[in-house]
Amino acid sequence: MPPPSTTMDELVVATSAAVGQVVGVFCVFPIDVVKTRLQVRAAEQIKLQLPERKGSTDEDGVEPAQSTATEGTFAALARMVKEEGILNVWARFPTKGIQQGLTRFSYYWIYAWVINRFKDIVGRSKKLGFWSNLLLGYVAGLLNTVFLSPLETLATRVMVSQAPISMIEAAREVFNHHGVRGFYFGQPTATMFSSANPAVQNTIFDQIRLALLGSRKALGFIEAFLVGVLAKSIATVTTYPASRATSIVQNTSRDGNSNGKSPSVPGEIVAVYRAGGIVALYSGLQATLLKGVLQAGVMLMVKERVGYATRLALGMA
């Protein structure tokens, strides 16, 4: 039986990560909205260039404007704020904040639990190697995504919507047009791909953190932020095409596919690559990097310091 302190340790890790994630999401939320919209709209326009999709129109019978696909991050951000107002943009934050807070809490609880159980087997004095760390992080991501992917689907819907809608309205829209399966479009393949990003990020962060700590108990604010930025940058570049395809699948049009089949992540990757090549697969990377690295840097910095302060307060440090 594991020592009682491991349960409290898992709770501290999960809570500090959730707090850090909500703070990080809040700081970069407008960029997050722009990033999601650029990914989805660019992919829709690229797919219209495919032979079988030529001449396709949106639900109003109008072909999408081509400027959206090539619009820069900051230009799109300025246009969104001008057209919708900054308050309407921030009105979408509660859905994303809840989704991200719950997702990070759940992920880091499972991540800490899996690592503690692994250490119970191999010995707590043994340091976690790179590949063991990566595998355990991936397993934690798989378990976490299976239960919380519907929240991510709803959060994507809310951010892409031109008019602010609530999580309940987004859920009703998905259910009315696709039923329960609509909450899991792209599963289980989306789960396999989306689990890779946090696994890579946390493995790199944990390994560098161990090298820098020495006899200390926690990294400083700047150290944690910079290591978090580096870890997220590497994770984002290596997993971006799959992440982008997952966002597209989760925002499948209300009419669904013409062939009646559920969309898949590999299918979207192939379709986008055929239409635009490797450049198309990385379309929108600028916005994702800008949003992702800043958010991850803030999240891991807050997580590191909140976790350390909590352990001190509880006598665990």
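Shown above is the structure to which this text applies.
Here the structure is a predicted model, which means the values were calculated and not measured.

**Observations concerning the packing of aromatic side chains**
Now for step 1: Throughout the structure, instances matching the rule amount to 11 aromatic pairs.
Now for step 2: With 5.6 Å between their ring centres and 85° between their planes, Phe29 and Phe93 make a pair best called edge-to-face. Placement of the pair is Phe29 in helix H1 (residues 5-48) and Phe93 in helix H5 (residues 93-122), with a sequence separation of 64 residues.
Now for step 3: Note on Phe29: relative accessible area 0%, which makes it buried.
Now for step 4: A relative accessible area of 15% places Phe93 in the buried class.
Now for step 5: A ring pair is formed by Tyr107 and Tyr111, whose centres lie 5.6 Å apart and whose planes are at 15°; its orientation type is stacked. Of this pair, Tyr107 and Tyr111 both sit in helix H5, 4 residues apart, roughly one helical turn.

**So, the packing of helix H9 (residues 196-213) against helix H12 (residues 285-314)**
In helix packing, the relevant descriptors are the interaxial angle and the interaxial distance, both defined with respect to the helix axes.
Now for step 1: At a closest axis distance of 13 Å, the pairing of H9 and H12 adopts a crossing angle of 50°. The pairing of H9 with H12 is recorded here as oblique in orientation. Here H9 runs over H12; the crossing is right-handed. Here Gln201, Asn202, Phe205 and Arg209 of H9 come into contact with H12, specifically with Ala296, Met299, Leu300 and Glu304.
Now for step 2: Among the residues forming the contact of H9 with H12, the class breakdown is 4 nonpolar, 2 polar and 2 charged.

**Comments concerning the pattern of salt bridges**
Now for step 1: As enumerated under the stated definition, the model contains 8 salt bridges in all.
Now for step 2: Glu83 is the partner of Arg79 in a salt bridge, and the nearest nitrogen-oxygen pair spans 3.3 Å. On the criterion of helical spacing, the pair formed by Arg79 and Glu83 is a turn pair, its members being 4 residues apart in helix H3 (residues 73-84).
Now for step 3: By relative accessible area, which is 53% here, Glu83 ends up exposed.
Now for step 4: Between Asp120 and Arg117 there is a salt bridge, with its nearest N and O atoms 3.1 Å apart. With a gap of 3 residues between them, Asp120 and Arg117 both fall in helix H5, about one helical turn apart.
Now for step 5: Judged by its relative accessible area of 36%, Asp120 is partly exposed.
Now for step 6: Look at the salt bridges and you will find they share partners, linking Glu10, Arg117 and Asp120 into a network.

How each quantity is defined
- Residues numbered from 1 in each chain as written.
- Predicted model: local features only at pLDDT ≥ 70, side-chain atom pairs only at ≥ 80, totals over all residues.
- Heavy atoms only, no water.
- Phe/Tyr/Trp six-rings, centres within 6.5 Å; stacked < 30°, edge-to-face > 60°.
- Helix = DSSP H or I, 4+ residues; strand = E, 2+ residues; numbered from the N terminus.
- Buried < 20%, exposed > 50% of the residue type's maximum accessible area, 1.4 Å probe, protein only.
- Axes fitted to C-alpha atoms, helices over the stretch in contact; angles between N-to-C directions.
- Parallel < 35°, antiparallel > 145°, perpendicular 65-115°, else oblique.
- Left-handed = near helix turned anticlockwise from the far one by under 90°.
- Contact = heavy atoms within 4.5 Å.
- Nonpolar A, V, L, I, M, F, W, Y, C, P; charged D, E, K, R; others polar.
- Salt bridge = Lys/Arg side-chain N within 4 Å of Asp/Glu carboxyl O.

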